[in-house]
Amino acid sequence: MTLSTSDFDFYLPEELIAQTPLKNRVSSRLLVLDSKTGQMQDKHFSDIIDELHPGDALVMNNTRVLPARLHGEKPDTGGHLEVLLLTNTEGDTWETLIKPAKRAKKGTVISFGDGRLMATVTEELEHGGRMIDFTYDGVFLETLESLGEMPLPPYIKEKLEDNDRYQTVYAKENGSAAAPTAGLHFTKDLLEKIAAKGVKLVYLTLHVGLGTFRPVSVDDVENHTMHSEFYRLTEEAATELRAIKAAGGRIVAVGTTSIRTLETIGIKFNGEIHADSGWTDIFIKPGYTFKLVDAFSTNFHLPKSTLIMLVSAFAGRETTLAAYAHAVTERYRFFSFGDAMFVK
């Protein structure tokens with residue numbers, strides 16, 4: 001069957017787009033959806049522990065968001081440039097987006113923080129992209145932490161008061177341009193309670209690219225090109241997940257980034273779980289058969305996005321859209337700082 005992007009559209013009042021995170025992470029709401037029956041339950045996020053069984057694995061993405069938005073100026077003219085770091089290709093070389101791109105020709109020098117960090121444009125890419133080389137004294141990440149801002153999604157207009165609220169409590173591996181937002185609801189206390197119940201906490205890494213926010217601009221879903229993101233599953237994590245599966249436990253993924261990593265590995269190894277790393281551009285949409293993931297938590301996604309298509313691949317398009325309609329009626333909060341779903 002041919003899927004149209006418009007098949008995944010839904011009405012979303014703008015005031016339901018959460019602009020700021022809640023003070024308490026676990027006070028978000030949780031819509032529990034049974035994908036087989038279509039039954040829905042309105043709960044609080046802390047109730048997710050009731051949905052997890054002893055012997056399950058809860059799989060989380062431990063990527064850490066870099067404060068990747070930098071404000072700089074051209075030393076020769078004083079002109080302002082905004083630089084968004086996308087990918088560290090090697091050494092001190094980064095793929096970036098620069099605004100306004102027309103002022104950032106090859107050879108342009110940019111100064112950040114009165115020269116504490118300097119950059120030179122080495123290559124002009126398509127779509128306003130630029131390759132730049134950084135020079136600095138000391139440790140790059142420490143300099144970046146002091147000068148950079150969190151690259152919040154375009155639909156969030158409010159300034160973030162506390163950068164830590166755009167990191168999960170288990171964030172560890174530097175490299176994301178955006179947070180794996182399904183994980184923002186967990187506290188260390190809740191994770192300890194989940195582990196005490198007999199649920200194995202397992203971590204993988206997928207560095208989220210800004211392409212995750214890119215709307216699908218073509219009508220025929222088959223013609224959409226997915227962005228590519230780096231992932232890693234360690235030998236230790238793979239061993240734990242194999243043991244869980246062998247004992248009959250479920251793999252419960254936290255967020256679409258964890259799902260995409262697990263399913264990439266599931267496809268590559270014919271349903272088996274092995275340590276692996278690389279780049280994935282997997283596009284999970286209705287018609288896809290899940291290889292490893294048995295249930296998952298996720299936030300509410302944008303209309304016509306690849307992420308709502310992923311949820312629809314698991315729960316069915318009509319069931320998913322019915323759940324979204326319910327969430328709108330019940331005034332759930334949407335997107336990165338919004339409420340969550342548990343889909344089983």
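Report follows, based on the coordinates. Source: prediction; values computed, not measured.

### Side note on the nonpolar core
Part 1 of the reasoning: In this structure, Y166, L241, L262 and F334 are the most contacted members of the largest nonpolar core, which totals 67 residues.
Part 2 of the reasoning: In terms of residues, this core owes the most to one element, helix α6 (residues 306-315), which gives seven residues.
Part 3 of the reasoning: Every residue in contact with F334, bar those within four places of it in the chain, is listed here: F10, L12, L16, I17, A18, F300, H301, Y324, A327 and V328.
Part 4 of the reasoning: The next biggest cluster of nonpolar side chains, apart from the first, holds 21 residues, and it includes I48, Y170, A182 and V252.

### Details of the sheet that holds strand β15 (residues 276-280)
Part 1 of the reasoning: Taken together, the nine strands give an open sheet; going across it, the order is β2-β1-β17-β16-β14-β3-β12-β13-β15, and neighbouring strands pair in mixed fashion. Strand pairing shows two members of the sheet lacking a second neighbour, β2 (40-44) and β15, which therefore form its edges. Recorded for the sheet is a direction-independent mean angle of 25 degrees between the axes of neighbouring strands.
Part 2 of the reasoning: Of the strands in this sheet, β3 (57-61), β12 (200-206), β13 (229-233) and β14 (251-254) touch helix α4 (residues 235-246), which is tilted by about 135 degrees from β12.
Part 3 of the reasoning: On top of the sheet, α6 reaches β1 (29-33), β16 (295-299) and β17 (340-343); it is set at about 150 degrees to β16, its chief contact.

### Examining the packing of α6 against helix α7 (residues 317-329)
Part 1 of the reasoning: Following both chains from N to C, one finds α6 and α7 inclined at 120 degrees, their axes separated by 7 Å at the closest point. Taken together, α6 and α7 sit at an angle that is classed as oblique. The crossing of α6 and α7 is right-handed. Contacts between α6 and α7 pair I308, V311, S312 and A315 from the former with R317, T319, T320, L321 and Y324 from the latter.
Part 2 of the reasoning: Residues belonging to the contact of α6 with α7 are distributed by class as follows: five nonpolar, three polar and one charged.

### A look at the environment of M40
Part 1 of the reasoning: Within the secondary structure, M40 sits in strand β2.
Part 2 of the reasoning: Setting aside chain neighbours within four positions, we find M40 in contact with L31, V32, L33, A322, A323 and H326.

### A look at unusual backbone geometry
Part 1 of the reasoning: Of the consecutive residues K99 and P100, the connecting peptide bond is found in the cis state with omega at -10 degrees.
Part 2 of the reasoning: Within the secondary structure, P100 sits in the loop between β7 (93-99) and β8 (109-112).
Part 3 of the reasoning: For K304, which is not a glycine, the phi torsion comes out positive at approximately 65 degrees.
Part 4 of the reasoning: Residue position: K304 is located in the loop between β16 and α6.
Part 5 of the reasoning: Positive phi, normally seen in glycine, also occurs at F335, with a value near 70 degrees.
Part 6 of the reasoning: One can find F335 in the loop between α7 and β17.

Reading the values: the criteria
- Residues numbered from 1 in each chain as written.
- Predicted model: local features only at pLDDT ≥ 70, side-chain atom pairs only at ≥ 80, totals over all residues.
- Heavy atoms only, no water.
- Core = buried A, V, L, I, M, F, W, Y, C linked by side-chain atoms within 4.5 Å.
- Buried < 20%, exposed > 50% of the residue type's maximum accessible area, 1.4 Å probe, protein only.
- Helix = DSSP H or I, 4+ residues; strand = E, 2+ residues; numbered from the N terminus.
- Contact = heavy atoms within 4.5 Å.
- Pairing = 2+ DSSP bridges.
- Axes fitted to C-alpha atoms, helices over the stretch in contact; angles between N-to-C directions.
- Parallel < 35°, antiparallel > 145°, perpendicular 65-115°, else oblique.
- Left-handed = near helix turned anticlockwise from the far one by under 90°.
- Nonpolar A, V, L, I, M, F, W, Y, C, P; charged D, E, K, R; others polar.

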